[in-house]
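Given next are the chains, with one letter for each unit.
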Amino acid sequence: MVFLGLVVLSLFRVLLVGSQPTQSSQQTSSPSPNAGEQSPLASADNLSFPWSRLRLPRYIIPLHYHLLLHPNLTSLTFTGSVQIQIDVQNNTNWVVLHSKGLQISNATILDQDLAHLSDKVLPVLHNPSHEQIGIFSPRVLSSGQKYFLYMEFGAELAEGFYGFYKSTYRTSTGETRTLASTHFEPTSARMAFPCFDEPSFKANFSVRIRRSSEYMSLSNMPVVKTVEGNDGLLEDQFDASVKMSTYLVAFIICDFKSVTATTSSGVQVSIYAAPEKWLQTGYALKVAVQMLEFYEEYFNIPYPLPKQDLIAIPDFQSGAMENWGLTTYRETSLLFDPLTSSISDQLWVTMVIGHELAHQWFGNLVTMEWWNDIWLNEGFARYMEYISVEATYPDLKVEEYLLHTCFAAVGADSLNSSRPISSPAENPTQIKEMFDTVSYDKGACVLHMLRHFLTDEVFQSGIVRYLRKYSYRNALNQDLWDSLANTCSEEDFISGKHCYSSNQASKNAYLFAGEHMDLTAMMNTWTLQKGLPLVTVTRKGPRLLLRQDRFLRTVLPSDPLWSALQQGFLWHIPLTYKTDASSTIHRHLMTTQTDSLHIGEEVSWVKLNTDMTGYYVVNYEDGGWDEMAKLLRENHTALSYKDRTHLIHNAFQLVTAGHLPLDKALDLIGYLELETHNVPLLEGLGYLKFFYRLIEKRNEFELTSNIATYILQFFRAIIDRQTWTDRGSVSERRLRTEVLSLACHLDDPPCLEQARHSFKDWLQSNSTLNLPTDVARIVYSVGAQDDHGWAALLHTYNISPSAAQKNKILYALTCSRSSSKLRRLLELGLEGKVIRSQDLSSLILMVASNPQGHNLAWNFVKNNWDTLVQKFQLGSFCIRNILIGTTGQFSSPEELTDVQFFFESIKEQASQLRATQIALENVHKNVRWVQRNLETLRNWMKKQME
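Criteria and cut-off values
- Residues numbered from 1 in each chain as written.
- Predicted model: local features only at pLDDT ≥ 70, side-chain atom pairs only at ≥ 80, totals over all residues.
- Heavy atoms only, no water.
- Helix = DSSP H or I, 4+ residues; strand = E, 2+ residues; numbered from the N terminus.
- Rg over C-alpha atoms; globule rule 2.2 N^0.38 Å.
- Contact = heavy atoms within 4.5 Å.
- Areas by Shrake-Rupley, 256 points an atom, 1.4 Å probe, with all protein chains shown as cover.
- Lys, Arg positive; Asp, Glu negative; His and termini not counted.
- Charge placed at Lys NZ, Arg CZ, Asp CG, Glu CD.
- Salt bridge = Lys/Arg side-chain N within 4 Å of Asp/Glu carboxyl O.
- Buried < 20%, exposed > 50% of the residue type's maximum accessible area, 1.4 Å probe, protein only.
- Pairing = 2+ DSSP bridges.
- Expected span 1.5 Å × (residues − 1).
- Phe/Tyr/Trp six-rings, centres within 6.5 Å; stacked < 30°, edge-to-face > 60°.
- Lys NZ or Arg CZ within 6 Å of the ring centre and 35° of its normal.
- pLDDT = per-residue confidence, 0-100.
- Axes fitted to C-alpha atoms, helices over the stretch in contact; angles between N-to-C directions.
- Core = buried A, V, L, I, M, F, W, Y, C linked by side-chain atoms within 4.5 Å.
- Disulfide = S-S within 2.5 Å.
- 1 Å grid on protein atoms, 1.4 Å probe; cavity = no way out; pocket = protein on both sides within 12 Å on 5 of 7 lines; lining within 4 Å.
- Points joined across faces, edges and corners; volume = space filled by probe spheres on them.
- Polar contact = N/O pair within 3.5 Å; in protein donor to acceptor, adjacent residues only side chain to side chain.
- Arc of directions from axis to C-beta.

A. A look at the overall build of the protein. Of the regular secondary structure elements, the protein holds 32 helices and 32 strands. In terms of C-alpha radius of gyration, the protein reaches 29 Å, essentially the compact-globule figure of 30 Å for 946 residues. If one aligns the C-alpha atoms of the protein with their principal axes, the spans along those axes are about 95 × 70 × 60 Å. A fraction of 72% describes how many contacts in the protein between residues 6 or more apart in sequence connect residues 24 or more apart. Of the roughly 35700 Å² that the protein leaves accessible, carbon and sulfur atoms contribute 49%. Charge separation in the protein, taken as the distance between the mean sites of 82 positive and 98 negative side-chain charges, equals 2 Å.

This is how it looks when you write it as structure tokens:
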């Protein structure tokens, strides 16, 4: 959408520097006043907005914000003032910055001695479409000088989850308490105070907050002084912050309680929560202290602030936010109740804290230059979750989950609607859409590949170099590659520092498997083009013939579009492979379309992409998959559990892409009756579960029944082995939850009987019995099938102080087979009182996964689209999840047409969203999958029934 195509000159013909960076930028109307003279003050009516671009001009740099805020939690409004010290780098009459929804009552500019440049209030022009304001100074602001921009403003506390917004919680006595919190990333600091709201405009922030004595206030830095005003209000004055981007500023006014500990280096760590949830903060405190200590050691850079607060906000759209020194969390991401939180809940809390604290270095200390490279923040933080949790909590076996992160990335990236890791993003909607699977999951998996390629030691020293060099600054992709390749400027090189010159780096960056390689050239193939490679392997005697193509799941090689969609794609692929001839992991860098490897005549099998450290799919041609199936049947432990899981994943991805018949993939997982490791078991079970979920929504009663029977027969021994307890390792407990959940969903009599018995006990205890946390959700889901059980669960949901328990109950409530109950849940979610708005998007997806709620959820989205966009904002991950999730299991041409018709009806919004393209492509993929594979699945299942 284009709002202002050209820079409109005001009646004074002010030229904005950045548009025309010339000396004429100091001119106003003829005759031109000298820099020190006043020209007649024009009213705002006589001025045109001076700037037409979405990005702010570069010629005014903010240095320090002095911010005062006074939120009123009774009237749900706030007032404030901000004094911004600015550095002017070209002569100009205009200051252009961001503001959204703020009423600015006063604006003035002062010189370095705090003398007013004008004796009148300055005109403020608004450009709402770009969320910008322009302040006109009749006296020219001179290049090389510093000034102070002072503004007073006010607004209502925002509804929703962005900006400075209100949140509430209810006490056990039924009293509703209010708090005010912030969430600014990516572009919402401008909703709380006028600011230069782009990540490269780093500045220091001195915050003061006025409040009544019943509340406390928090911000990025510690309080240095609290003073009482004449009106009885208290004013908290916070220490000046380090240099940081506006999206990391945070302030909260609440009446929470906290627990505190200190790290070995003296950082004070506190966990805040609503008073009645205070007892659920202990685990997070332990994790946060250990994580901070781990990161200080790993990055070899001290945490630069004196404190780190972590706070559970009752209304919070995302999982958590990394505001420097004051990280904010959804309650389920921070609070852990041993009586109601499962092992999966514990792992989630640990990983989210690991993610947000990694950001204190990756993102906060060093920030991407612009949102097109948000993966430098999010991909690193996602990957550091795994590194930090593996180091601090090895019992949680977090490495077992990294495979699934990469599988999720492959799923998104193998659609034509994917995007490169680094992609253009200009307006707020496009920027919000950058926070997706590609930035987080693909980013993490590409880093994982790079770490294994370079070795742990080289990778770690490279990122430490990157963090040190760009501390308190902004960085680009290239800066990371240069740091990892150990390059530096000629000046650094001459001064004797231990690094390559940039010229040497291109020749000598790394010696890998006997080959010199250019790290930048390699990594550009992974970050600047979308998609991922499919490596096809053919055995010819002692040689392996290799071919790389772009891997697409929605276009078959036989389709006319195929060759056009392959054009121009080439990756530098760090291949790894193992054979039966040795235990060595072999390495080879593939930089061409075709290649070959000498492996020797004596080798009987070869497995590429060892432990899936590489981000690529492998297809074994000419009987290669038969070899793999035979190996798994006869000696599956010859491969690691990661390799076995990877083979299962690749096989079923290749089925969807038309490279492998479905029956071959199903035959491959026949070995699972011998499998003892839970990760490959869960991967194979996951595909069977997906087929069941897809088919049960298609009125294919016989096939649905056959799949259910097959799963229950095939996994009978595993199902019967499960206990309804919380005993065992993390991996065993996770398998228990998944297996029993599916067994009860498939109406397995022993499973249902045990669940009903446990639910009856729970009801008789008046909902006070603590069920084993691993099976609580299953018990609730079975209990929700009758009216009495459903009503009892809804009542417990309403009063439970545990967010983890509420999550399990909400899922159970959506398992009802009653359409009217499902409809009621959706209405409660929309209303936002019993079921909070923050949970509405996941509620919609839970209802959509129920065969009885499948179309109900989609119709709900269509009928309430405008309300949903208003609640969550276009481009947000909630809107993306709603669109992709509710349509994710549509598989008929009629459903595809319906989705196309709806997207056509919201064309203006849909055209701004990549999510609509992804949703359509997913449905199209499902339609094609059913057309090609339904009969094969039917016949294969019939054979198993014989």
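After presenting the structure, the write-up continues.
B. Looking closely at the pattern of salt bridges. Tallied over the entire structure, the rule returns 43 salt bridges. Across the pair Glu159 and Lys166 runs a salt bridge, and its minimum N-O distance is 3.7 Å. In this structure Lys166 comes out as partly exposed when scored by relative accessible area, which is 26%. Several salt bridges converge on common partners, so that one network encompasses Arg55, Arg58, Glu198 and Glu426.

C. Structural view of the pairing of strand β8 (residues 163-170). Pairing analysis gives eight bridges linking β8 to strand β9 (residues 176-183), with the strands arranged antiparallel. Bridging across to β9, Thr168 finds its partner in Thr178. Taking the residues that link successive antiparallel strands as the turn, the β8-β9 hairpin has five residues, and the phi of Gly174 there is positive, at about 95 degrees.

D. Broad picture of the environment of Ala203. Along the polypeptide, Ala203 turns up in the loop between β9 and β10 (204-211). Separated by 118 residues in the primary sequence, Ala203 and Gln85 place their C-alpha atoms 9.4 Å from one another. Residues in contact with Ala203, not counting those within four places in the same chain, are Pro62, Leu63, His64, Tyr65, Ser241, Val242, Lys243 and Met244.

E. Region of the structure containing helix α15 (residues 641-656). Here α15 contains 16 residues, and its C-alpha end-to-end distance of 23 Å stays within 8% of the 22 Å for a straight helix at 1.5 Å per residue. For α15, the tally of buried residues reaches 15 of 16 residues, placing the bulk of the element in the interior.

F. Region of the structure containing the packing of aromatic side chains. Going through the model one piece at a time under the given rule, you end up with 48 aromatic pairs. When the ring centre of Tyr811 is taken as reference, the NZ or CZ atom of Arg777 above it lies at 3.8 Å.

G. A look at the pairing of strand β6 (residues 132-141). When you tally the buried positions in β6, you get nine out of 10 residues, the bulk of the element. Where strand β3 (residues 92-98) lies against β6, six bridges are found, and the strand directions are antiparallel. Bridge assignment links Leu97 to a residue of β6, and that residue is Ile133. With four bridges joining them, strand β5 (residues 124-127) and β6 adopt antiparallel strand pairing.

H. A look at the confidence of the model for the protein. Mean pLDDT for the protein: 91, with 92% of residues reaching 70 or above. Ignoring residues within four places in sequence, the model shows residues 1-42, a span with pLDDT below 50, making 81 contacts including any to other chains. Across residues 493-497, confidence stays below pLDDT 50; counting only partners more than four residues off in sequence or on other chains, it has six contacts.

I. The arrangement of the sheet that holds strand β18 (residues 320-321) in detail. An order of β15-β16-β17-β19-β18 is seen for the five strands of this open sheet, with the pairing classed as mixed. Either end of the sheet is taken by a strand with one partner, and the two such strands are β15 (257-262) and β18. Sitting on the sheet, helix α3 (residues 343-359) is in contact with β17 (307-313), β18 and β19 (326-330), with an inclination near 150 degrees to β19.

J. Expanded view of the nonpolar core. Phe193, Ile353 and Leu608 are the most contacted members of the largest nonpolar core, which totals 316 residues. Among the elements that take part in this core, helix α1 (residues 282-299) stands out by supplying 12 residues, more than any other. In contact with Phe193, not counting residues within four places along its chain, are Tyr65, Leu67, His98, Leu102, Phe153, Phe184, Phe205, Val249 and Phe251.

K. Representation of the sheet that holds β10. Read from one edge of the open sheet, seven strands run β4-β7-β2-β1-β10-β13-β12, paired in mixed fashion. A strand with exactly one partner marks an edge of an open sheet, and here the two such strands are β4 (103-110) and β12 (223-228). Going across the sheet, the axis of each strand differs from the next one's by a mean of 15 degrees, ignoring polarity. Direction of pairing for β12 relative to strand β13 (residues 234-238): antiparallel, over a ladder of five bridges. By the bridge assignment for β13, Lys225 is matched with Gln237.

L. Structural detail: the state of the cysteines. Under the criterion given, the structure shown has two disulfides. Note on cysteine connectivity: Cys406 is disulfide-linked to Cys445, with sulfurs 2.1 Å apart. Residues Cys406 and Cys445 share a disulfide whose torsion about the S-S bond is about -105 degrees; that sign makes it left-handed. Separated by 39 residues along the polypeptide, Cys406 in helix α5 (residues 399-413) and Cys445 in helix α7 (residues 437-454) bring together distant segments of the chain. Judged by its relative accessible area of 3%, Cys406 falls in the buried class. A sulfur-sulfur separation of 2.1 Å characterises the disulfide bridge that pairs Cys744 with Cys751. An S-S torsion of about -105 degrees defines the bridge between Cys744 and Cys751 as left-handed.

M. Inspection of empty space enclosed by the protein at higher detail. The full count for this structure, using the stated rule, is six cavities of 30 Å³ or more. Counted as a void, the largest cavity has a volume near 80 Å³. Surrounding the largest cavity, 13 residues form its lining, Leu54, His98, Arg190, Trp370 and Glu426 being those nearest its centre.

N. Fine view of unusual backbone geometry. Note that the residue after Glu185, namely Pro186, is joined by a cis bond; omega there is 5 degrees. Relative to the assigned elements, Pro186 resides in the loop between β9 and β10. Despite not being glycine, Glu131 shows a phi value in the positive range, around 55 degrees. Along the polypeptide, Glu131 turns up in the loop between β5 and β6. You will see that Met612, though not glycine, has its phi angle at about 50 degrees, which is positive. Residue position: Met612 is located in the loop between β31 (606-608) and β32 (617-620).

O. Fine view of the side chain of Gln360. Looking at the secondary structure, you find Gln360 in the loop between α3 and β20 (366-368). Within the structure, Gln360 has its side chain in polar contact with the backbone oxygen of Glu356 (distance 3.0 Å). Leaving out residues up to four positions away in the same chain, Gln360 has contacts with Tyr303, Gln308, Glu322, Asn323, Trp324, Gly325, Thr327 and Leu365.

P. Quick look at helix α21 (residues 749-764). For α21, which comprises 16 residues, the first-to-last C-alpha distance of 22 Å matches the rise-based estimate of 22 Å (1.5 Å per residue) to within 8%. Of all the positions in α21, only Cys751, Leu752, Ala755, Ser758, Phe759 and Trp762 are classed as buried. Within α21, the buried residues cover an arc of 135 degrees as seen down the axis, which keeps them to one side. In this structure, α21 carries Pro749, Glu753, Arg756, Lys760 and Gln764 as exposed residues pointing more than 90 degrees from its buried face. In this structure, the buried side of α21 is in contact with α20 (730-745), α22 (776-783) and α23 (787-799). Within two residues after α21, Asn766 carries a phi angle of roughly 60 degrees, on the positive side.

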